[in-house]
Amino acid sequence: EAADRLFAMKVKEIYANMPLPDKEWKKYCVVLPQLRSDLIREGSSLNHCVGTQERYYKNHMAGTKMIFFLRRIEKREKPFVTMEVDMKTLRILQIYGFGDKPPEPEVRRFAESWLKELGNATKKGQRKTA
């Protein structure tokens, strides 16, 4: 699909220029959406709107407000928690599990820790290497 190809092309550029932390914490990790259909599948699986509203994937492709998938390490493919981040401030705008329920405090702490590492790496000018 054209939307998947465009999304994949745009995020490849964005991800290549982001100093993404390769952090796993206890039992959680962050998975990056690679295709527009990843957002649709995420929203459908977790019964929330990330896959149905155009603004989420357009903002993600622009690199302004990005969507990250939080996963359990042992179930990386299974949707668990979705996070929207303002990339200018590196603040969480939304973070929800199934049915727009807030995640457990431990998951929120992991998300905040991951963003803090992303901010530190950005300040140092580090870049992710492919």
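The paragraphs below set out a description of the structure included in this document. Along each chain, residue indices are assigned from 1 in the same order as the chain's sequence is written. Owing to the predicted nature of the model, reporting of local features is limited to residues with pLDDT of at least 70; listing and counting of side-chain atom pairs is limited to 80 or more, with chain, interface and lining totals taken over all residues. Side-chain figures throughout are based on the complete set of non-hydrogen atoms in the structure, without hydrogens or water.

**Let's talk about the side chain of arginine 71**
Looking at the element boundaries, arginine 71 is found in strand β2 (residues 65–72). Classification of arginine 71 by relative accessible area gives buried; the value is 5%. Pairs of N or O atoms are called polar contacts if they sit within 3.5 Å, as long as, within protein, a hydrogen donor faces a hydrogen acceptor (for residues adjacent in sequence, only side-chain-to-side-chain pairs). Among the polar contacts listed, one links the side chain of arginine 71 to the backbone oxygen of arginine 76, at a separation of 3.1 Å. One polar contact links the side chain of arginine 71 to the main-chain carbonyl oxygen of lysine 78, over a distance of 3.4 Å. Contacts were defined at the residue level, with two residues in contact if any of their heavy atoms lie within 4.5 Å. Non-local contacts of arginine 71, meaning those with residues more than four positions away in its chain, are made with Lys27, Tyr28, Cys29, Val31, Glu42, Arg76, Glu77, Lys78, Pro79, Phe80 and Val81. Under the scheme used here, helices are H or I runs from DSSP no shorter than 4 residues and strands are E runs no shorter than 2 residues, and both carry numbers assigned from the N terminus. Each residue is assigned to one of three classes by its accessible area relative to the maximum for its type, calculated with a 1.4 Å probe on protein chains only: buried under 20%, partly exposed between the two thresholds, exposed over 50%.

**Some thoughts on the nonpolar core**
Formed by 33 residues in total, the largest nonpolar core has its most connected members in Met18, Phe68, Leu70, Met83 and Trp114. Contributions of two or more residues to this core are made by α1 (2–16), β1 (28–31), α3 (54–62), β2, β3 (81–86), β4 (91–96) and α4 (105–124). To define a nonpolar core, start from buried Ala, Val, Leu, Ile, Met, Phe, Trp, Tyr and Cys residues and group those joined through side-chain atoms within 4.5 Å.

**What to know about the environment of glycine 51**
Examined against the element boundaries, glycine 51 turns out to sit in the loop between α2 (36–46) and α3. Judged by relative accessible area, which is 9%, glycine 51 ranks as buried. Along the chain, glycine 51 and methionine 87 lie 36 residues apart, while their C-alpha atoms are 19 Å from each other. When sequence neighbours within four positions are dropped, the list of residues in contact with glycine 51 reads Arg36, Leu39, Ile40 and Gly43.

**Examining the environment of phenylalanine 7**
Assignment of secondary structure puts phenylalanine 7 in helix α1. As a C-alpha pair, phenylalanine 7 and phenylalanine 69 span 62 residues in sequence and 16 Å in three-dimensional space.

**Considerations on empty space enclosed by the protein**
With a probe scaled to a water molecule rolled over the atoms, the places where space remains empty come into view. Space inside and on the surface of the protein is sampled on a 1 Å grid over the protein atoms alone, with a cavity defined as a set of points where a 1.4 Å probe fits but cannot get out and a pocket as an open set with protein on both sides within 12 Å along at least 5 of 7 lines; lining residues have an atom within 4 Å of a point. Grid points are joined across faces, edges and corners, and a volume is the space filled by probe spheres set on the points. The final tally for this structure, using the stated rule, is 1 cavity of 30 Å³ or more. Computed from the structure, the largest cavity encloses a volume of approximately 90 Å³. In terms of lining, the largest cavity is formed by His48, Cys49, Val50, Tyr56, Ile67, Thr82, Met83, Glu84, Gln94, Tyr96 and Asp100. When contributions to the lining of the largest cavity are tallied by element, the ones reaching two or more residues are β3 and β4. With 3 residues, the single largest contributor to the lining of the largest cavity is β3. Basically, the charged four are Asp, Glu, Lys and Arg, the nonpolar ten are Ala, Val, Leu, Ile, Met, Phe, Trp, Tyr, Cys and Pro, and anything else, Gly included, counts as polar. Here the residues of the lining of the largest cavity sort into 6 nonpolar, 3 polar and 2 charged.

**Details of the layout of surface pockets**
Here the second largest pocket is characterised by a volume of approximately 210 Å³. What lines the second largest pocket is simply Thr89, Leu90, Arg91, Ile92, Arg108, Glu112, Leu115, Lys116, Gly119, Asn120 and Lys123. Broken down by secondary-structure element, the contributors of at least two residues to the lining of the second largest pocket are β4 and α4. The biggest single contributor to the lining of the second largest pocket is α4, with 7 residues. The residue inventory of the lining of the second largest pocket, partitioned by class, reads 3 nonpolar, 3 polar and 5 charged.

**Thoughts on the packing of aromatic side chains**
When the centres of two rings from Phe, Tyr and Trp lie within 6.5 Å, Trp using its six-membered ring, the rings pair. Their planes under 30 degrees apart give stacked, over 60 give edge-to-face, and anything left gives tilted. As enumerated under the stated definition, the model contains 3 aromatic pairs in all. Taking 5.9 Å as the distance between ring centres and 5° as the angle between the ring planes, the aromatic pair formed by tyrosine 28 and phenylalanine 80 counts as stacked. Note that tyrosine 28 is positioned in strand β1 and phenylalanine 80 in the loop between β2 and β3, a separation of 52 residues in sequence. Owing to a relative accessible area of 16%, phenylalanine 80 belongs among the buried residues under this scheme. Judged by centre distance (6.0 Å) and plane angle (40°), the ring pair of tyrosine 28 and phenylalanine 110 falls under tilted.

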